[in-house]
Amino acid sequence: MMWLFKDPVLAAACTGTWLPFLAMLVILIFTRRNQRLSAGISIASIVTSLICAIYLFTKLFHAGVPVQYEVAWAMTPDLYVPFGYLLDPHSLLMLLIVATIACLVQIYSVGYMAGDPGFSRYYAFQSLFAWAMLTMVIAPGMLQLYIFWELVGLASYLLIGYYYEKYSASQAGKKAFVVTRLGDIGFFLGLIFLMLGYGDLGILNINQAAAGHQIPGPLVTISALLIFCGVIGKSAQFPLLTWLPDAMEGPTPVSALLHSATMVAAGVYMMSRIFPFFAASPDAMAVALAIGTVTMLLASTMAMATYDLKQVWAYSTVSQLGFMVMGLGAGGYFAGVFHLTTHAGFKALLFLCSGMFIHEFHTNDMRVIGQSGGRNLKVPMISMTIGALALSGLFPFSGFFSKEAIMGVLAQHTNKVWLFAGLLGALMTAYYSFRLIFFVALPRKLATVPAEDHGHGHGADHGDEHHGNAYWAMAWPVMFLASVTCVLGFFQAPLEQFLTGGHAAAAAHGAGQEGAGHGMGHYVLLAGAIGCALAGLAWAWVEFGRKRAPQEGFLKKFPLAEILFARRWYLDDFYRKALDTLVYGGLTSLFTRNDRRVIDGAIDGICKLTVGTGRMTSFMQSGMLQYNLLVMVAGIGLVLLFFFI
Amino acid sequence: MNSLSTYLILAAMLFCLGLLGVLQRRNLIGMLIAIELMLGGASINFMAFNRFLAPEPAVGQIITLFVMGIAAAEAAIGLSIILALFRQMRSINVERAQRLSG
Amino acid sequence: MSAWFGIEGVAHLAFWVVVGITLGGAGLAVFPRNILHNVVGLILALSGVAGIYLFLGSMFIALMQLLIYVGAICIAIIFAIMLSRPLHLEVPVRRLPKVVGGVGAALVFFLGLLGVIVKTCWQAAPERGTDWSIKTIGDLLLTRYDLAFEVISLVLLVAIIGAIVTAGFSRRLSS
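Residues numbered from 1 in each chain as written. Chains lettered and ligands numbered in written order. Predicted model: local features only at pLDDT ≥ 70, side-chain atom pairs only at ≥ 80, totals over all residues. Heavy atoms only, no water.

Draft legend 1. Summary view of the overall build of chain A. Helix and strand content of chain A: 27 helices and two strands. Accessible area of chain A: about 26,400 Å², with a carbon and sulfur share of 70%. (Helix = DSSP H or I, 4+ residues; strand = E, 2+ residues; numbered from the N terminus. Areas by Shrake-Rupley, 256 points an atom, 1.4 Å probe, with all protein chains shown as cover.)

So this is what it looks like as structure tokens:
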């Protein structure tokens, strides 16, 4: 163990990543009965991880050179598969994000999950997730990343299906697991291609080789596209995006941690991790850009049609992830990563606020929450407004800066379609965010509100005044995140310096918008983006906010469109149909028939053949000793004659 | 009388007569007798090689002694089996002993 | 043809007589259907084999042959015949295919053996000892062939116990 103390960086990395794993084991094996102790162990471990992450971040902030500890798992000399820790600016930043949000969410969960019978199990899974995610973040090789990527998926499955006695929750867990697995197949195939074609899975090596054109172009394109399949699955991009809204069946803190801030961002993180590799293939980048755009727009429209608080944020998460992928696909490394960072903050904030409402009013319907007096909960109300402003990309909140960065990248693209798509997305984002805010904050008595039993009558009892420890356990993380959201944007420049390094001035120009050459165009863009966001806000105000506003939304006038959006563009129905006709109706029945007729028939045939042959030849087993002997002797005699005569 | 082949052919004839007996006698005791004949043929072979070819004349004789020992053991076991079989089936006809018939 | 006269001639004659006794005894042991004739044939054949051993130069083995085979095994067989009384039981009918098959197989085997005997070029060992004494046999049995000697003793012991057990158990079962 002495080597640990000789290198505090390594010690911190080891402790930070493995402590949650130990916590999980201890909770699952020893302390399941004692709920408070379990929560304490889990939170202590994640706080330690956070301290380690902060230590690493500050210690290596000015290091400049990536610190790498790795063990080569070399099966052959042609193959290099490293395991260990890679501490470069990007992973350090992500480590810090994950540890911070995981820590806040676990503290929040003390309040949110209080009294739940599966409390210990919840914390065990949270620790499992923390271990997997932290280790994935600082993986030096793609294989380690992949392994922990899958473990993160496992944690996601377990936590979505946390209320396993609820049918929809267990179904959603299975759906999330299977759908993301679909993308992971592509990811793994991509890794195999890369391994066969290049033989090195070290992230830094891949990036250098791809940037230096040492990997053949077609190989880069194929494996980048396949690896992008993993991003599509994990980050809920276009064809596979429907699992994320369903994943909201899990507890709200889980949604905040896994399904908005960190785990779903793992796809984007992975893509940015090997960004030079992706950048070496223009085709893959174009595909990423297109898929990101489609995802962003689709998810935004879906968010406009739902009344479920968490669903809105889920769609918005999908949409923002699409936005990040757009930014990366357009070549803006820093823009994508920066938006990932700010999004992690404000989306976790939004979810945690929603969780406070849901915990208070026991419903997910924004109309019911609004009518029950949702605005009386001051802390989540104000925080959620801050989060929504950040999400819409309004100054001075963090989302403004990162969205501007991505817009800047899109504006540099020769094809302006992407930029307009981005602006449209910003408009819709502002619209649906403030639609929700106005629903909650400025309720009307609406005849159309479904009368849910526990929706009414709660609001009056629960003022701001009498809240217990549970409330404040939830409120503190929310307030912390809200303040972070307010100030994070102003750290853009140092972060950019940190991430791209001093040398990458050109890249910084490409990514940021403060490049000298942009000048006027930049301000036009800035104005356009803010204008779009404000327009969306105003639109929402007209329809939902102002007095005597109909609170119906323009979609009510287009029932077809509303149904289309509410049914998620019939993606689920399409999958169901495809599964039913193609898989169950076609393939499965073929396989069944094959199994019944061909395989069973063959085996039956073999059995019958054996039995028949036995029947036919059993007369030889006459029990006549002398006949057996006779045949044997004749045989030996013939052999003698054959060989010696 | 002093050629190896004479003895070998004699031994082969003895062996094959025994073989014939084993193959077509149905009396179990008759089969046992035939087996003794076969063993005798094999022993003659050993003795003949010992006489005409072997470097040490004692070795062949020792082997023949061992064959006799084996023959004695075989006769004891065989006869006891025959007696047991006779008690079981009231017959020593080998063609009756076909419970393993398929 | 001078070999047919004098001492040589007597020895020759004696040899062929012994061969005749052996083969005739063997035929008598195999072909007749009366089991007592078979035993007599076996005694003749084994005595003939003992004579052959004499011609092959080993008095000791010839005596042992008479002692063990004729004196012990044949007597045991006669005991078994008397215990099982096969004479009073039915005489099975010979079946032609079986006889033909047996004769055919034995003939094939005999031809094979004959081929091997004729075709093989037998070569004597370059240095051949002349020590035929019983003393050497005894020495070798207790030195070089010690293990084999012990093992054969064990086999005999097991055979005796096995014979007793087999016969005894079946008696208990049948009664």
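Now that the structure has been shown, we can carry on.
Draft legend 2. Main features of the overall build of chain C. The number of helices and strands found in chain C is six helices and zero strands. In chain C, the order of α-helices and β-strands from amino to carboxyl end is α-α-α-α-α-α. The buried share among the 175 residues of chain C stands at 34%. Contacts in chain C between residues far apart in sequence, at least 24 positions, make up 51% of those at least 6 positions apart. Per element, the accessible surface of chain C, about 10,300 Å² overall, is 75% carbon and sulfur. (Buried < 20%, exposed > 50% of the residue type's maximum accessible area, 1.4 Å probe, protein only. Contact = heavy atoms within 4.5 Å.)

Draft legend 3. A look at the pairing of strand S2 (residues 82–87) of chain A. Residue and element names in this part refer to chain A. Summarising burial for S2: five of the six residues are buried, a large majority. Sheet analysis places strand S1 (residues 67–72) next to S2, joined by six bridges and oriented antiparallel. Its bridge partner lying in S2, Tyr69 is registered against Tyr85. (Pairing = 2+ DSSP bridges.)

Draft legend 4. Looking closely at the confidence of the model for chain C. Looking at chain C, the pLDDT average stands at 85 and 89% of residues meet or exceed 70. With a pTM of 0.64, the predicted complex shows an ipTM of 0.89. (pLDDT = per-residue confidence, 0-100.)

Draft legend 5. Looking closely at the interface of chain A and chain C. Taken together, the contact pairs 13 residues of chain A with 13 residues of chain C. Here chain A is connected to chain C by zero salt bridges. Viewed at the interface, chain C and chain A are joined by one residue pair in polar contact (both at pLDDT 80 or more). Its residues assigned to classes, the side of chain A that touches chain C comprises 11 nonpolar, two polar and no charged. (Salt bridge = Lys/Arg side-chain N within 4 Å of Asp/Glu carboxyl O. Polar contact = N/O pair within 3.5 Å; in protein donor to acceptor, adjacent residues only side chain to side chain. Nonpolar A, V, L, I, M, F, W, Y, C, P; charged D, E, K, R; others polar.)

Draft legend 6. Quick peek at helix H18 (residues 378–392) of chain A. All names here are of chain A. Under the 1.5 Å per step criterion, the end-to-end length of H18 is 21 Å for 15 residues, consistent within 8% with the ideal 21 Å. Burial of H18 is extensive: 12 of the 15 residues sit out of reach of the surface. All of the buried residues in H18 are Val379, Pro380, Met381, Ser383, Met384, Ile386, Gly387, Ala388, Leu389, Ala390, Leu391 and Ser392. With its phi angle positive at about 85°, Gly393 sits one or two positions after the end of H18. (Expected span 1.5 Å × (residues − 1).)

Draft legend 7. Just the packing of helix H16 (residues 333–361) of chain A against helix H22 (residues 492–500) of chain A, in detail. All names here are of chain A. For the pair H16 and H22, the least separation of the axes is 11 Å and the interaxial angle reads 120°. Taken together, the axis directions place H16 and H22 in an arrangement best described as oblique. Once H16 is placed against H22, the crossing between them reads as right-handed. Residues Tyr333, Phe334, Val337 and Phe338 of H16 lie in contact with H22, whose contacting residues are Gln492, Leu495, Glu496, Leu499 and Thr500. Partitioned by chemical class, the residues of the contact of H16 with H22 number six nonpolar, two polar and one charged. (Axes fitted to C-alpha atoms, helices over the stretch in contact; angles between N-to-C directions. Parallel < 35°, antiparallel > 145°, perpendicular 65-115°, else oblique. Left-handed = near helix turned anticlockwise from the far one by under 90°.)

Draft legend 8. Inspection of the nonpolar core at higher detail. A:Met142 and A:Phe277 are the most contacted members of the largest nonpolar core, which totals 192 residues. Top element by residues in this core is H16(A). It accounts for 17 residues. When near neighbours in sequence (up to four residues on either side) are disregarded, A:Met142 contacts A:Phe187, A:Leu191, A:Leu201, A:Ile203, A:Ile206, A:Met270 and A:Ile274. Counting residues in hydrophobic clusters, the runner-up holds 75 residues, among them B:Ile29, B:Ile62, C:Leu56 and C:Ala80. (Core = buried A, V, L, I, M, F, W, Y, C linked by side-chain atoms within 4.5 Å.)

Draft legend 9. Looking closely at a nonpolar patch on the surface. All names here are of chain A. A cluster of nonpolar side chains, Leu182, Ile185, Phe188, Leu189, Ile192, Phe193, Leu196 and Ile222, forms an exposed patch at the surface whose accessible area comes to about 740 Å². With seven residues, helix H7 (residues 167–197) is the single largest residue contributor to the nonpolar patch. You can call Ile192 partly exposed: its relative accessible area is 30%. (Patch = residues over 30% accessible without salt bridge, like charges linked within 9 Å, V, L, I, M, F, W, Y side chains within 5 Å.)

Draft legend 10. Structural view of the interface of chain C and chain B. Taken together, the contacts link 86 residues of chain C with 73 residues of chain B. Considering only the surface of chain C that becomes buried against chain B, C:Val30, C:Leu56 and C:Lys98 emerge as the three largest contributors, covering 9% of it. A salt bridge links B:Glu56 to C:Arg144, with the nearest nitrogen and oxygen atoms 3.1 Å apart. The interface formed by chain C and chain B holds 13 residue pairs in polar contact (both at pLDDT 80 or more) in total. Listing elements by their share of the side of chain C that touches chain B, those giving two or more residues are helix H1 (6–30), helix H2 (35–55), helix H3 (59–84), helix H4 (96–119), helix H5 (134–142) and helix H6 (146–174) of chain C. Partitioning the side of chain C that touches chain B into residue classes produces 59 nonpolar, 16 polar and 11 charged. (Buried area = accessible area lost by both parts, 1.4 Å probe.)

Draft legend 11. Structural view of the side chain of A:Ser120. Residues and elements named next belong to chain A. With respect to the secondary-structure elements, Ser120 resides in helix H5 (residues 119–137). Of the polar contacts made by the side chain of Ser120, one reaches the backbone oxygen of Arg32; its length is 2.8 Å. Leave out the neighbours within four places in its chain, and Ser120 touches Ile27, Thr31, Arg32, Asn34, Gln35 and Ser38.

Draft legend 12. Looking closely at the environment of A:Ala280. All names here are of chain A. Take Ala280: it is sitting in the loop between helix H13 (275–279) and helix H14 (282–305). Overall, Ala280 belongs to the partly exposed group, its relative accessible area being 24%. A C-alpha to C-alpha distance of 9.7 Å links Ala280 and Ala209, two positions 71 residues apart in sequence. Setting aside anything within four residues of it in sequence, one finds Ala280 in contact with Ala210 and Val220.

Draft legend 13. Region of interest: helix H15 (residues 309–329) of chain A. Residues and elements named next belong to chain A. Taking 1.5 Å of rise per residue, the 21 residues of H15 would be expected to cover 30 Å, and the 30 Å separating its terminal C-alpha atoms lies within 8% of that figure. Most of H15 is tucked away: 21 of the 21 residues are buried. N-cap assignment for H15: the residue whose side-chain oxygen lies 2.9 Å from the backbone N of Lys310 is Asp308. Backbone geometry just downstream of H15 places Gly331 in the positive-phi region, at approximately 100°.

Draft legend 14. How the structure looks around the pattern of salt bridges. All names here are of chain A. Summed over the entire model, instances satisfying the criterion amount to eight salt bridges over all chains. Linking Glu249 and Lys166 is a salt bridge whose minimum nitrogen-to-oxygen distance equals 3.2 Å. Here Glu249, found in the loop between helix H10 (243–246) and helix H11 (252–261), pairs with Lys166, found in the loop between helix H6 (142–160) and H7; they are 83 residues apart in sequence, far enough to count as distant. Exposure remark for Glu249: the relative accessible area of 24% places this residue in the partly exposed category. A salt bridge links Asp246 to Lys175, with the shortest nitrogen-to-oxygen separation between them at 2.7 Å.

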